[in-house]
Amino acid sequence: SSGINAEWPLRPGDDNKQAEEPEVKPVATEPAVTNEKPAPVAAPPPQPKPTEPAPEQVKPKRATKPKVKRKDNINIVFIGHVDAGKSTIGGHLLYLTGQVDKRTLEKFEKEAKEMNRESWYLSWALDTNDEERDKGKTVEVGRGFFETENKRFTLLDAPGHRCFVSNMIGGAAQADVGVLVISARKGEFETGFDRGGQTREHAMLAKTAGVKKLIVLINKMDDPSVEWDPERYNEIKNRLSPFLKQCNFNPKSDLIFMPASGLTGANLKQPLDPKVCPWYTGPTFLKYLDDLPCFQRTSDGPFRLSVVEKYKDMGTMVMGKIISGTVTKNQTLTIMPNKDSVQVMDILIDDEESDWAESGDNVKLKLKNIEEEDISAGFVLCSPDNLCRIADTVLVQIQIVELKNIIAPGFNCIMHIHSAIQEVSFKELVCSLDKKTGKRKMDPRTQTPIRPRCAKEGDVVYAKLQLSSAICIEAFSDYQQMGRFVLREEGKTIAIGKVLKISEKLNSVSTN
């Protein structure tokens, strides 16, 4: 035995032991040796590692919200009939909260005077392009940001003209709180509220789009035809309340009325002077906003962002409200329906850079690995491990709110769902619902659901719709924001509804 320790690795001191082993030298004339020289120490092969189970396929981690405390974000949209004063109130709010300085406002006022539009200068903080300023009408959804003591707000100024209702729907779909601006001036309230005015349509569309609370701001109370008259205020309130209740706004928890003047700023930030308006003792507009409860967000769910707008700015930018989940910088997402993998390079909230954003935030994202022309409004950014559904056939529940004719299979109209706009055709009327009970109308003889041949104004029906092409869509029970929709025809809203099932599940639809 040579005494060599063959364990691997060698223990300390083993090298010395090998050097001390006796060695027999060979005789010069004889090639043989009496004893073999110890073989040089060769490194034994490493012992095999213990067998490990094959690693499981790891799903991509979802972004988690960092533990950074910041003010709650609330999205508010100003809606109402054209010329009610929405942009003026929005501009005045930006001034009162320090987002627009006095020097800028004086510049707007000077330019407005030169155009003989003195009362429009406040609205220019939100109406930024020449067309809107020349005509005094908002076309695109204006954006602004401001903060109160406890909250930060994204302000969305929706157009009031009937020609731009599709833009208004896009703005309302991003909002948590609606501000229905009413002109108290004699004749103007009646024009907006009577059939054909936008007050009714905007209120209904806001509820359908997901607005949870509605502030009815009765504006122009300082007008010479009103002069803070409580009778005029109560007349408007009493006419609006029953209609808003029909739109499913709860008068006790979802609605509040308050008087204001957008031009003078009365009751926006400072309380009303008791000498001017002794009968109103409620909160100011900003005080009410600051005291709003926090809205429940699904920040821990799969990521969903419906693209409202896209543009190029040193890269591909998309805008929209996060419907569900959380996003962080450098995160990988999938954009549907084209299934491209993209990387989030930058996150902007209120035009300020952030490392993360969560459900409820209105954001701008800079994306890598995709071109701006490959994105359209209505595309959806998703978690790679939980993609949104794509379908061209859906089972829906609709309520027909205004229709001169009837709806029958083959009827065509336009669907507005989240930020997507698509032409649809009625494929089949499945059954009618009783408006009082919400249950399906049954044939008393066969005890099977009645399949209507057509549907008219006021009816509630289940129907199968065929879309002109597949879009990103979800069932209302999974993602409310992506499962509620509006149907429009010839510039009018004819029905509102929600998605029950999408194409893959339609074979299992039971009418029992």
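Up top is the structure these notes are about.
Just so we're clear, the structure is a prediction, and the values are computed from it rather than from any experiment. (Residues numbered from 1 in each chain as written. Predicted model: local features only at pLDDT ≥ 70, side-chain atom pairs only at ≥ 80, totals over all residues. Heavy atoms only, no water.)

(A) Local environment of the packing of aromatic side chains. Inspection of the entire model under this criterion finds six aromatic pairs. Aromatic pair F193 and F243: ring centres 5.9 Å apart, planes at 85°, arrangement edge-to-face. Residue F193 is found in helix α6 (residues 188-193), and its partner F243 is found in helix α8 (residues 230-246); the two are separated by 50 residues along the sequence. Across the pair, exposure class does not vary: F193 and F243 are buried alike. (Phe/Tyr/Trp six-rings, centres within 6.5 Å; stacked < 30°, edge-to-face > 60°. Helix = DSSP H or I, 4+ residues; strand = E, 2+ residues; numbered from the N terminus. Buried < 20%, exposed > 50% of the residue type's maximum accessible area, 1.4 Å probe, protein only.)

(B) Examining unusual backbone geometry more closely. Cis geometry marks the peptide bond from M336 to P337, where omega comes out at 15°. Mapped onto the fold, P337 is located in the loop between β11 (332-336) and β12 (340-349). Even without being a glycine, N248 presents a positive backbone phi close to 75°. The residue N248 is located in the loop between α8 and β6 (255-259) in this model.

(C) Spotlight on the pairing of β12. Judged from the four bridges that link them, β11 and β12 form a sheet pairing that is antiparallel. Looking at the pairing, T334 lines up with S341 of β12. Counting the residues in the hairpin turn of β11 and β12 gives three residues, including K339, whose phi is positive at 60°. Here six bridges tie β12 to strand β15 (residues 362-368), and the two strands are oriented antiparallel to one another. Bridging from a neighbouring strand, I349 pairs with V363 of β15. Hairpin remark: β12 followed by strand β13 (residues 352-354), antiparallel, with two residues in the connecting loop; positive phi at D350, about 55°. (Pairing = 2+ DSSP bridges.)

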